[in-house]
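# An overview of the molecular structure
Listed here are the chains, written in short residue letters.
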Amino acid sequence: MPGLVACCAEFGRAQPLKNARITGCLHVTIQTAVLIESLTALGADVRWCSCNIFSTQDHAAAAIAHTTLLIHEGVKAEEEHDRSGKLPNPSETESAEFRIVLSIIKSGLLVDPKRYRRMRDRLVGVSEETTSGVKRLYRMQANGTFLFPAINVNDSVTKSKLDNLYGCRHLLPDGLMRAPDVMIAGKTAVVCGYGDVGKGCASALKAVGAHVIVTEIDPICALQALMEGIPVLRLEDIAEADIFVTTTGNKDIVMVSHMKQMKNNAIVCNVGLFDNEIDMLGLETYPEGRIMNLGCATGHPSLVMSCFFTNQVIAQLELWKERGTSKYENKVYVLPKHLDEMAAALHLGKFGVKLTKLTPDQAAYINVPVEGLSPSMLSSNMYMIKILLENLETVCAISGCNLRKLIFSSSATVYGWPKEVPWTEEFPLTAVNPYGRTKCHLIISDMVGQLFVEEICRDLHNSDSKWKIILLRYFNPVGAHPSGHIGEDPWGAPNNLMPFVQQVAVGRRSALTVFGNDYSTKDGARVRDYIHVVDLADGHIAALKKAI
């Protein structure tokens, strides 16, 4: 599992998860054991429990301590018990699993009525990698009941594509051939759902000679299936098929009424997380299980698991690193794109991959840095909207508190690439990427003009002279405070030279490599300024004193 190995090699010496206690709930396989070992190698104290009795491999679970955190239901039950003295009633739910959850909480309340609230208060955050799990997190967020920050690993590219698409494409034929031992070629297979999981399953079945039909509720996914030459029908309208695969993450997809219309010896299987996609009433299954890829086969290949397990590690590192800040609120956040790319990059070296680098002419032609597209360039419209909304919300909040003083931390990127040095404030504002433009410019697009933050600040002052606003423009912060509480330590590959030098100094990189010898500066860097983080902090304090 090259990504996890690379994570340990990259960060292990620094022990970034020291003092972190991590509890996991996931299929317990040999790949999961490597994830646990990796978290431990990074300094964490790890405990684990299986999410599915049918997918646990005993030889992997033998050395792993089992635990579970029933925090959300536990906190809700404790608060209700404080108000009314009422205990959870397990018999009120039809779910056998939820009855167990409520039974545990009920018995625990009699012993320690504040246990789950203590857990909630010390919990830093959670990272979730399943579609069904993420849906539940977003539902709790929408209901206003979410108790701590969460990073959605499921929708990162390295997870959603590697796991859902390519992993399921690999495992479905494996499971079908291992368990019922059937020849797939020539058979008619129905794939319920054409999301990433359904796409992988349909592709695999087509590749081995099956005639594939898809059922779908989403018109875009249905159109995608048609463009692949796959008919889209309702389950009720499919006269006869040999194999039925559910991939939706929803419930009640294949019901007993459907099964009664199926031919003798038809195969019904589920590649979703829970067996409630299939109506189990009156149905005896062989082998017994909830997901055929682990009940009938060995699951995803280790490389696929490595990709999204690496995302899990990176998400945990991010949550733990930011635990003392207000960066993550009690909301669900998709794993940031630069961390997703970092997870992908950690795998490439093990396969001899060498990424193509843009020439200066190519970079100029498409108006991006030689290093490639930054996160702001990769999704510039959403980036601009996000920055605009966040700053407007900040200004509204300040106004609502009857405050009229603001220090805006801008950037020297607003100047683009001036033709001479040193740079002065009088230089024209010619930002060359969305990051710089969000600081200063009015962007006119086909549909809308977007006024960004420096312009907003100027208009605020012009409309109300009580506003005292100071704009600070600077380049890359470097160095750290002697205490270590603030400093420049970017994730993944840095975007400028100094962090590379620092990483060599602390042993994270073996050497500093400069490619080429035709740069205008001896060290290969572009002509730019750096500012020490302590000087930067002092500058902000001075600006604040000036505004006050």
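One numbering rule holds for all chains: residues counted from 1, following each sequence as written. Owing to the predicted nature of the model, reporting of local features is limited to residues with pLDDT of at least 70; listing and counting of side-chain atom pairs is limited to 80 or more, with chain, interface and lining totals taken over all residues. Derived side-chain values reflect all non-hydrogen atoms in the structure, with water molecules and hydrogen atoms excluded from consideration.

### Some remarks on the overall build of the protein
On a plain count of helices and strands, the protein comes out with 21 helices and 15 strands. Working definition: with a 1.4 Å probe on protein chains only, accessible area under 20% of the residue-type maximum means buried, over 50% means exposed, and in between means partly exposed. Taking all 548 residues of the protein together, the buried fraction comes to 41%. Throughout, a contact is declared for two residues whenever any of their heavy atoms are within 4.5 Å. Counting contacts in the protein only where the partners sit at least 6 residues apart, residues at least 24 apart contribute 66% of the total. Per-residue and other accessible areas were derived by the Shrake-Rupley procedure at a 1.4 Å probe size, with only the shown protein chains allowed to occlude residues. Accessible area of the protein: about 30,400 Å², with a carbon and sulfur share of 55%. The way it works is that DSSP assigns letters per residue, a run of H or I at least four long becomes a helix, a run of E at least two long becomes a strand, and they are numbered from the N terminus.

### A closer look at the environment of Ala204
Inspection of the secondary structure assignment puts Ala204 in helix α9 (residues 196-207). Excluding its chain neighbours within four sequence positions, the residues that come into contact with Ala204 are Arg169 and Pro173.

### A word on a positive patch on the surface
What makes a patch is a set of residues exposed beyond 30% relative accessible area and free of salt bridges, joined within 9 Å when like-charged and within 5 Å when nonpolar (Val, Leu, Ile, Met, Phe, Trp, Tyr). By definition, a salt bridge exists where a carboxyl oxygen of Asp or Glu is found within 4 Å of a side-chain nitrogen of Lys or Arg. Two residue types count as positive, namely Lys and Arg, and two as negative, namely Asp and Glu; His and chain ends fall outside the count. To locate a charge, the coordinates of NZ of Lys, CZ of Arg, CG of Asp or CD of Glu are taken. A cluster of basic residues, Arg21, Arg47, Arg115 and Arg122, forms a positive patch at the surface. Relative to the helices and strands, Arg21 is located in strand β1 (residues 21-25). Owing to a relative accessible area of 58%, Arg21 belongs among the exposed residues under this scheme.

### A few points about the pattern of salt bridges
One pass over the full model with this rule turns up 11 salt bridges. Residues Arg117 and Asp82 are paired through a salt bridge, measuring 2.6 Å at the closest nitrogen-oxygen approach. Residue Arg117 is located in helix α6 (residues 115-122), and its partner Asp82 is located in helix α4 (residues 71-84); the two are separated by 35 residues in the primary sequence. Judged by its relative accessible area of 14%, Arg117 falls in the buried class. You can call Asp82 partly exposed: its relative accessible area is 46%. Connected through salt bridges with shared partners, the residues Glu78, Asp82 and Arg117 form a single ionic network.

### Considerations on the nonpolar core
Only buried residues count toward a nonpolar core. Its members are Ala, Val, Leu, Ile, Met, Phe, Trp, Tyr and Cys residues joined through side-chain atoms within 4.5 Å. Within the largest apolar cluster, 31 residues are counted, with the highest numbers of intra-cluster contacts made by Leu17, Leu35, Leu39, Trp48, Ile151, Val313 and Ile314. Elements supplying a minimum of two residues to this core: α1 (2-11), α2 (30-41), β2 (45-49), α13 (302-321) and α14 (337-348). Broken down by element, the residue count for this core peaks at 8 residues, all from α13. Excluding residues that lie within four positions of it along the chain, Val313 makes contacts with Leu4, Cys7, Leu35, Leu39 and Leu42. Residues Tyr194, Val197, Leu205 and Val245 belong to the second largest nonpolar core, which totals 23 residues.

### Some points on the confidence of the model for the protein
Per-residue confidence from the predictor is reported as pLDDT, a score between 0 and 100. When pLDDT is averaged along the protein, the result is 76, and 76% of the positions lie at 70 or above. Across the protein, the secondary-structure element scoring lowest on mean pLDDT is strand β12 (residues 449-451), at 32, and the one scoring highest is strand β5 (residues 188-192), at 95. Confidence drops under a pLDDT of 50 for residues 374-382, and excluding neighbours within four residues, the segment shows 12 contacts in the predicted structure.

### Focus: the environment of Cys168
Within the element layout of this structure, Cys168 appears in helix α8 (residues 157-178). A relative accessible area of 5% places Cys168 in the buried class. Taking the C-alpha atoms as reference points, Cys168 and Lys199, 31 residues apart in sequence, are found 8.8 Å from one another.

### Observations regarding α14
With 12 residues, α14 ought to run about 16 Å at 1.5 Å a step, and its terminal C-alpha atoms sit 17 Å apart, in line with that. Among the residues of α14, those classed as buried are Leu339, Asp340, Met342, Ala343, Leu346 and His347. Buried residues in α14, looked at end-on, bunch into an arc of 155°, giving them a common side. How far a helix is expected to stretch is found by multiplying one less than its residue total by 1.5 Å. Think of the arc as the fan of directions from the helix axis to the C-beta atoms.

### Things to note about the packing of aromatic side chains
Geometry of aromatic contacts follows a simple scheme: Phe, Tyr and Trp rings, the Trp one being its six-membered ring, pair when their centres are within 6.5 Å, and the pair is stacked under 30 degrees between planes, edge-to-face over 60, tilted otherwise. On inspection of all chains with the given rule, the structure shows 2 aromatic pairs. Seen in terms of ring centroids, Phe146 and Phe148 are 5.5 Å apart; in terms of plane orientation they differ by 55°. Their pairing is tilted. Under the relative-accessibility criterion, Phe146 is labelled buried at 6%. Plain terms: the ring middles of Tyr328 and Tyr333 are 4.9 Å apart, the flat faces sit at 80° to each other, and that makes the pair edge-to-face. On the basis of relative accessible area, Tyr328 is assigned to the buried category, the value being 13%. Note on Tyr333: relative accessible area 21%, which makes it partly exposed. A cation over an aromatic ring shows up here: Arg323 above the ring of Trp320, its NZ or CZ 3.9 Å from the ring centre. As a reminder, the over-ring test applies to NZ of lysine and CZ of arginine, requiring each to be within 6 Å of the ring centre and within 35 degrees of the ring normal.

### Examining helix α20 (residues 497-505)
By the burial criterion, the buried members of α20 are Leu497, Pro499 and Gln503. One side of α20 carries all its buried residues, which in axial view fall inside an arc of 165°. In this structure, the buried residues of α20 make contact with β15 (530-532). Where α20 terminates, the next one or two residues include Gly507, which has phi positive at roughly 90°.

### What to know about the sheet that holds strand β9 (residues 332-334)
Two strands pair under a simple rule: DSSP has to find at least two bridges between them. The 3 strands lie next to each other as β3-β4-β9, forming an open sheet whose pairing is parallel. With one partner strand each, in any of the chains shown, β3 (126-128) and β9 form the two edges of the open sheet. Mean inter-strand twist for the sheet, computed between neighbouring axes without regard to direction, equals 30°. When strand β4 (residues 150-152) meets β9, the two strands line up parallel, connected through 3 bridges. Note that in β9 the partner of Ile151 across the bridge is Tyr333. Lines are fitted to the C-alpha atoms to define the axes, a helix being fitted only along its stretch in contact, and any angle between axes, read from their N-to-C directions, falls within 0 to 180 degrees. In the packing of helix α7 (residues 131-143) onto the sheet, the strands contacted are β3, β4 and β9, and the crossing angle to β9 comes to about 135°.

### Looking at the side chain of Glu128
Looking at the secondary structure, you find Glu128 in strand β3. By relative accessible area, which is 19% here, Glu128 ends up buried.

### Regarding the sheet that holds strand β8 (residues 267-270)
Taken together, the 4 strands give an open sheet; going across it, the order is β6-β5-β7-β8, and neighbouring strands pair in parallel fashion. Of all the strands in the sheet, the pair left with one neighbour each is β6 (211-215) and β8. Strand-to-strand twist across the sheet, computed as the mean angle between neighbouring axes with direction ignored, equals 20°. Relative to β8, strand β7 (residues 243-246) is paired through 4 bridges, and the arrangement is parallel.

### Examining the packing of α1 against α14
Between α1 and α14, the shortest axis-to-axis distance is 8 Å and the interhelical angle comes to 100°. With respect to α14, the element α1 is oriented roughly perpendicular. Mapping the contact onto sequence places Pro2, Gly3, Ala6, Cys7 and Phe11 in α1 and Met342, Leu346 and His347 in α14. Orientation labels follow simple angle bins: below 35 degrees gives roughly parallel, above 145 gives roughly antiparallel, 65 to 115 gives roughly perpendicular, and whatever is left gives oblique.

### Comments concerning the pairing of strand β10 (residues 405-409)
By the alternation rule, side chains of β10 split into Leu406 and Phe408, which are all buried, and Lys405, Ile407 and Ser409, of which none is buried. In this sheet, strand β13 (residues 468-472) lies alongside β10 in parallel orientation, the contact comprising 5 bridges. Paired with Lys405 across the two strands is Lys468, which belongs to β13.

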